[in-house]
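# Structural overview for review
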Amino acid sequence: DGAGTMPDLPTNRQPPIRSTRGRNNPRMHPNNKYYREEPDFAQLAKQYPDLEQYISYGPDGRVHFDYTSWEGTRQLTATLLQADFNIKWWLPEGQ
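Now for a look at the structure at hand. Model, not experiment: these values are computed from the prediction.

Now for the packing of aromatic side chains. Enumeration over the complete set of coordinates arrives at three aromatic pairs. Seen in terms of ring centroids, phenylalanine 41 and phenylalanine 65 are 5.4 Å apart; in terms of plane orientation they differ by 20 degrees. Their pairing is stacked. Pair noted here: phenylalanine 41 is in helix α1 (residues 41-47) and phenylalanine 65 is in strand β2 (residues 63-65), with a separation of 24 residues, a long-range link. Judged by relative accessible area, which is 4%, phenylalanine 41 ranks as buried.

Here the focus is unusual backbone geometry. We note that asparagine 86 has phi near 55 degrees; this positive angle belongs to a residue other than glycine. Note on placement: asparagine 86 falls in the segment after α2 (70-85).

Attention shifts here to the nonpolar core. One broad trend across soluble globular proteins is that nonpolar side chains are buried collectively. Core analysis: the largest hydrophobic core is formed by ten residues, namely Tyr34, Phe41, Leu44, Ala45, Leu51, Tyr54, Ile55, Phe65, Leu76 and Leu80. Within the residue set of this core, elements represented by two or more residues are α1 and α2. With three residues, the top contributor of residues to this core is α1. In this structure, leucine 44 is in contact with Pro39, Leu51, Thr79, Leu80 and Ala83, ignoring residues within four places of it in sequence.

For the rest of this paragraph, the subject is a nonpolar patch on the surface. A contiguous nonpolar patch, built from Phe85, Ile87 and Trp89 and spanning about 300 Å² of accessible area, is present on the exposed surface. With respect to the helices and strands, the residue tryptophan 89 is situated in the segment after α2.

Turning next to α2. Between the first and last C-alpha of α2 there are 22 Å, a value that for 16 residues agrees with the 22 Å anticipated at 1.5 Å per step. Considered for burial, the residues of α2 that qualify are Gly72, Arg74, Leu76, Ala78, Thr79, Leu80 and Gln82. Looking at the buried side of α2, the elements it contacts are α1 and β2. Following α2 by one or two positions, asparagine 86 adopts a phi angle in the positive range, close to 55 degrees.

Rules of the game
- Residues numbered from 1 in each chain as written.
- Predicted model: local features only at pLDDT ≥ 70, side-chain atom pairs only at ≥ 80, totals over all residues.
- Heavy atoms only, no water.
- Phe/Tyr/Trp six-rings, centres within 6.5 Å; stacked < 30°, edge-to-face > 60°.
- Helix = DSSP H or I, 4+ residues; strand = E, 2+ residues; numbered from the N terminus.
- Buried < 20%, exposed > 50% of the residue type's maximum accessible area, 1.4 Å probe, protein only.
- Core = buried A, V, L, I, M, F, W, Y, C linked by side-chain atoms within 4.5 Å.
- Contact = heavy atoms within 4.5 Å.
- Patch = residues over 30% accessible without salt bridge, like charges linked within 9 Å, V, L, I, M, F, W, Y side chains within 5 Å.
- Areas by Shrake-Rupley, 256 points an atom, 1.4 Å probe, with all protein chains shown as cover.
- Salt bridge = Lys/Arg side-chain N within 4 Å of Asp/Glu carboxyl O.
- Expected span 1.5 Å × (residues − 1).

What follows is the structure, given as structure tokens:
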């Protein structure tokens, strides 16, 4: 009768992936440094001030990163490359 079962999704849609806060994140390769633990955004913002404008704090004190901002994700990429691999990377505006 189908009671209690999930309906089939169209093949071009996937169910939303809920945040795992970096714990065995199914969207990441298991060898990714952040597969088991997300970056410490608060510490990164202290070390790399250009990242700070994309960091916010929830009422519970948890740190949040604004993944909806293209500029923010670009800055996060540059920051992680610098912090983790000592690579200075930049991407021109609009690229």
